[in-house]
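Structural characterization, general
Listed here are the chains, written in short residue letters.
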Amino acid sequence: YAKNGRLPYAFAALTNYVHINCLLNADSDPDELIRDFCSFMYPGAAGDMIAFYDWMEKRQADLGVNDDPYLKCYSYKSLDYPLSLLDAAAKKCTNKFWLNKLRTAFDAFREKARKMSHLTAHLEKNLQLIKQQKAQFKKHFSKPFLFST
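Residues numbered from 1 in each chain as written. Predicted model: local features only at pLDDT ≥ 70, side-chain atom pairs only at ≥ 80, totals over all residues. Heavy atoms only, no water.

1. A closer look at the overall build of the protein
When its secondary structure is counted, the protein shows seven helices and zero strands. Moving toward the C terminus, one meets the helices and strands of the protein in the order α-α-α-α-α-α-α. For the protein, the residues scored as buried account for 30% of the 149 residues in total. When contacts within the protein are restricted to residue pairs at least 6 apart in sequence, those whose partners lie at least 24 apart make up 64%. Counting only carbon and sulfur atoms, one obtains 57% of the accessible surface of the protein, whose full area is about 10,100 Å². (Helix = DSSP H or I, 4+ residues; strand = E, 2+ residues; numbered from the N terminus. Buried < 20%, exposed > 50% of the residue type's maximum accessible area, 1.4 Å probe, protein only. Contact = heavy atoms within 4.5 Å. Areas by Shrake-Rupley, 256 points an atom, 1.4 Å probe, with all protein chains shown as cover.)

What follows is the structure, given as structure tokens:
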């Protein structure tokens, strides 16, 4: 999660755990490691936390080294779902030490996304216009050209 240095380090704890364990034992099962990590770090709330990390990872899968995560994949509104997962985990977790650290980092991350929401809204509007123009272009030029001799 901290692949380009623009995401909070707290988001990378699971990734670091899986990476180091796979380096030490190439036969490790990443899904089992994820379950073990979430069960240990967030006792009682492993299911919600697995869903949280899975959602966060899938959103940034296409994030390039120079891409801004707030503009590319984490708009303010899109962070409502992982927020709900953290809220659900907080109700179940029996030891909130690590959950509180992650929540603090997530809240700061979400606040930055809120401050950039005007840019992401503008970006979304432009992408929608491009899609419409692309569809019109495709419709207009999908027929073969007819040349008269």
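2. What about the nonpolar core?
Tyr42, Met49, Phe52, Tyr53 and Met56 are the most contacted members of the largest nonpolar core, which has 30 residues in total. Contacts of phenylalanine 52, omitting those with residues within four sequence positions, involve Pro82, Leu85, Leu86, Leu102 and Phe106. (Core = buried A, V, L, I, M, F, W, Y, C linked by side-chain atoms within 4.5 Å.)

3. A word on the side chain of arginine 110
Mapped onto the elements of the fold, arginine 110 is located in helix H6 (residues 97-115). Assessed through its relative accessible area of 16%, arginine 110 is described here as buried. For arginine 110, the contacting residues outside a window of four places in its chain are Tyr76, Leu79, Asp80 and Leu83.

4. What to know about a negative patch on the surface
Residues Asp29, Asp31, Glu32 and Asp36 make up a contiguous surface patch of negative charge. Look at aspartate 29 and you get partly exposed, because its relative accessible area is 35%. (Patch = residues over 30% accessible without salt bridge, like charges linked within 9 Å, V, L, I, M, F, W, Y side chains within 5 Å. Salt bridge = Lys/Arg side-chain N within 4 Å of Asp/Glu carboxyl O. Lys, Arg positive; Asp, Glu negative; His and termini not counted. Charge placed at Lys NZ, Arg CZ, Asp CG, Glu CD.)

5. Structural notes on the environment of alanine 45
Turning to its location among the elements, alanine 45 is positioned in the loop between helix H2 (30-41) and helix H3 (46-59). Distance from alanine 45 to lysine 92, taken between C-alpha atoms, is 5.3 Å for residues 47 residues apart in sequence. Here alanine 45 is in contact with Ala89, Lys92 and Cys93, once residues within four sequence places are set aside.

6. Digging into a nonpolar patch on the surface
Together, Ile20, Leu23 and Leu24 line one region of the surface with nonpolar side chains, adding up to about 360 Å² of accessible area. Within the fold, leucine 24 resides in helix H1 (residues 13-24).

7. Quick look at the pattern of salt bridges
Applying the stated rule across the entire model yields seven salt bridges. Measuring nitrogen to oxygen at the nearest pair gives 3.1 Å for the salt bridge that ties lysine 58 to aspartate 54. One end of the pair, lysine 58, and the other, aspartate 54, are both in helix H3, four residues apart, so they sit about a helical turn from each other. Arginine 103 is the partner of aspartate 107 in a salt bridge, and the nearest nitrogen-oxygen pair spans 2.8 Å. Of the two residues, aspartate 107 and arginine 103 are both situated in helix H6; the distance of four residues between them amounts to about one turn of the helix.

8. Quick notes on H3
Between its first and last C-alpha atoms H3 spans 20 Å; for 14 residues at 1.5 Å apiece the expected length is 20 Å, and the two agree. Every buried residue of H3 is accounted for by Ala46, Asp48, Met49, Phe52, Tyr53, Trp55 and Met56. For H3, the elements touching its buried residues are H1, H2, helix H5 (80-92) and H6. (Expected span 1.5 Å × (residues − 1).)

9. With respect to the packing of aromatic side chains
A complete count under the given rule lists 10 aromatic pairs for this structure. Between tyrosine 17 and phenylalanine 37 the ring centres are 5.3 Å apart and the planes differ by 45°, which places this aromatic pair in the tilted class. Pair noted here: tyrosine 17 is in helix H1 and phenylalanine 37 is in helix H2, with a separation of 20 residues, a long-range link. A residue is classified by how much of its surface remains accessible, and tyrosine 17, at 29% relative accessible area, is partly exposed. Judged by its relative accessible area of 6%, phenylalanine 37 is buried. An aromatic cluster of at least three residues, connected via ring pairs, comprises Tyr17, Phe37, Tyr42, Phe52, Tyr53 and Phe106. (Phe/Tyr/Trp six-rings, centres within 6.5 Å; stacked < 30°, edge-to-face > 60°.)

All we've got here are geometric facts, nothing functional implied.
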